[in-house]
Structures are given as C-alpha cells and as structure tokens.
Amino acid sequence: MLMTLAGNTSTSAAADLHYQCDSAVGPDPAVTTTSSATTSRRAADTIPESEVPTTNPYAEWTIAPDDTDASDWQRSCASAMRSASWQLPPLQTVNTGLAVECARQYALAVARNPATLEPGRNGAPGTVDAATLSKSVIDAASGAAMTGQCLQAAAGTGGGAVGSSSGATMPRTESPQVACGRPSSSTTTARSAVVLPSAIAAQGVCGQRVDAAAVSPGDLVFWDYRSNAPTRVGVAVDATQIITVDPDSGQVVEQVLPTGGDVRVKRVLKGDS
C-alpha cells in the first residue's frame, strides 16, 4: 500500500494518520501548533473500543524512496507504524486498580533506593537507564495484576505486597505476556504481564495515548523528542509528578510532570477503570 499524508486520502483519513504519527514519533516539525480539541474530534472517535483493530491499519504504509515530497517525519512515522498501536482519541479517564497502585509505590521505592535496579550504561552505583527504570516499574506493576502482589524495590525487603486479590494467584512464569501493552483480541479483557522494549524510542510507540488531565500512576510520559523519537521517559506517580532519570547524572529523581508541545503520555497498564 503506497500512501502519502495528502495524496488520494480523504481529509479525515489524513487527519487520523497525522494523529497516529504524532502519537508515535512526536510533533511534526512542519506544524507549529497542535490542537488537542481537534485531535479529540478526529474521524475515528466514534469507533467503540470493542471494535479497535488488533493490528494498526497503517502498518503496511510505505513511502517510495524517490518521493521527494515526503519529510523525514513522515518516513519515521511509516517505519513506526509497523509496530505502533493504533490510537483511539486520548483517554479522558483516570486509571485505577492494583497494577496502578503498584506502579506508584514501586516507582517511589526505586527513587529512594535506585541500587535495586540493574545499573545503567555507565555502571556507576545508584544509576540506571531511563528505559530500564520504566521497563522495571511496568513489569512489577503488570505482574501485580496477575499475582495479586507487588514486589517491593526497597532495600532489604526482597519482596512484599501492596495489596492482594482474592482467589489463587498465578506465578509470573505462567503469566500471559503482552508486548508493548498492545493486547490482541483474545487477551483484551485478560490480565497480562506487559513487556516493554528496552529503548526509549521503542517504548514511545507503546500503549494508548492519554489526555494530560487524566494522567495516572503507571502512565509513561515521553518528552524531548529529537530526530522524531523521544529521548526522555518517566513514570507518573500521580497527576503532577513523575519518576525519571536525570540524563546528566544517571540518578533516579522525582520531578514535576513536564509540559509543552512535545509531551506525550501513554497508558500500557490495564486497570480497573
């Protein structure tokens, strides 16, 4: 399938494709402003969640190598669409549940004791990669939904629980896995262990986009897009704070949720809301 953002596509289809690209690779340098209101009113906003396609309908989109009208942003998007989740309008609902609470507590515990995670690229004590941080938090949080327990990251604990569910728990080794937080039609309502990629740019195409007003613990916050990919990621612990890694020191820090035109929030955890 050969497509361009304009070409023979309809206005609504072009707007939807632009939204998909914006959600996957960040803001289009050719567009000075992005209206969230316009984004929420795109053509697909009436499609019920139960009818969301299991694969991205733009996954086969290609751009001819000799197409001089295509921008680097469009080419990056065409590549990202092969693995990106097809996006509904930004979620307006706050996420809740055991996995969400586990993400909050686990991320805060790591901030207090980052040595519990695998070292970052520089290998210095107490430093980690931002992608390692988000991957570890989401792994623990999604596991909590399966087992009813959240493993703690605090020093000297070796495991614990922030809550429990009734009934038998399932060992992590038997938990169904969902890569990137993109459930198939057969696992949409099932509890699954979410497996994030190991790089920030790859994590940026995961999950479902969230409106800034609905940011919840466990949501992934991406910003500082360069070369059509995020270079920073953090895990929200409430509506205004995130746990992330300082790029200069490699230290895990708590900071205010970033704002601006290049902030994208994604939800990969299936909660109770």
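Residues numbered from 1 in each chain as written. Predicted model: local features only at pLDDT ≥ 70, side-chain atom pairs only at ≥ 80, totals over all residues. Heavy atoms only, no water.

Caption draft 1: Representation of the sheet that holds strand 8 (residues 264-267) within the structure. Ordered in space as 3-8-4-5-6-7, the 6 strands form an open sheet in which the pairing is antiparallel. Across the chains shown, the open sheet's two edge strands, defined by having one partner strand only, are strand 3 (208-209) and strand 7 (252-256). With 3 bridges joining them, strand 5 (residues 230-236) and strand 6 (residues 241-245) adopt antiparallel strand pairing. Bridge pairing in strand 6 places Ala236 opposite Ile242. With respect to the sheet, helix 5 (residues 130-147) is in contact with strand 4 (220-225), strand 5, strand 6 and strand 7, its orientation differing from that of strand 5 by roughly 35°. (Pairing = 2+ DSSP bridges. Helix = DSSP H or I, 4+ residues; strand = E, 2+ residues; numbered from the N terminus. Contact = heavy atoms within 4.5 Å. Axes fitted to C-alpha atoms, helices over the stretch in contact; angles between N-to-C directions.)

Caption draft 2: Fine view of the state of the cysteines. In total, this model carries 3 disulfides according to the counting rule given. Linked covalently through their sulfurs, Cys21 and Cys77 form a disulfide whose S-S length is 1.9 Å. Residues Cys21 and Cys77 share a disulfide whose torsion about the S-S bond is about -80°; that sign makes it left-handed. Of this pair, Cys21 sits in helix 1 (residues 11-25) while Cys77 sits in helix 3 (residues 72-80), placing them 56 residues apart in sequence. Sequence-ordered numbering of the disulfide-bonded cysteines in the chain gives the connectivity 1-2, 3-4, 5-6. (Disulfide = S-S within 2.5 Å.)

Caption draft 3: Seen up close, the environment of Val194. Position of Val194 relative to the elements: it lies in strand 2 (residues 193-195). When the C-alpha atoms of Val194 and Val268 are compared, they prove to be 7.4 Å apart, with 74 residues separating the residues in sequence.

Caption draft 4: Quick peek at helix 3. Considered for burial, the residues of helix 3 that qualify are Trp73, Gln74, Cys77, Ala78 and Ala80. Each buried residue of helix 3 lies within a common arc of 160° when the element is viewed along its axis, so the set occupies one face. Elements that come into contact with the buried residues of helix 3 comprise helix 1. (Buried < 20%, exposed > 50% of the residue type's maximum accessible area, 1.4 Å probe, protein only. Arc of directions from axis to C-beta.)

Caption draft 5: Region of the structure containing the side chain of Ser136. When you line up the elements, Ser136 lands in helix 5. Judged by relative accessible area, Ser136 falls into the buried class, the value being 18%. Discounting residues that sit within four places of it in the chain, Ser136 has contacts with Tyr106 and Leu117.

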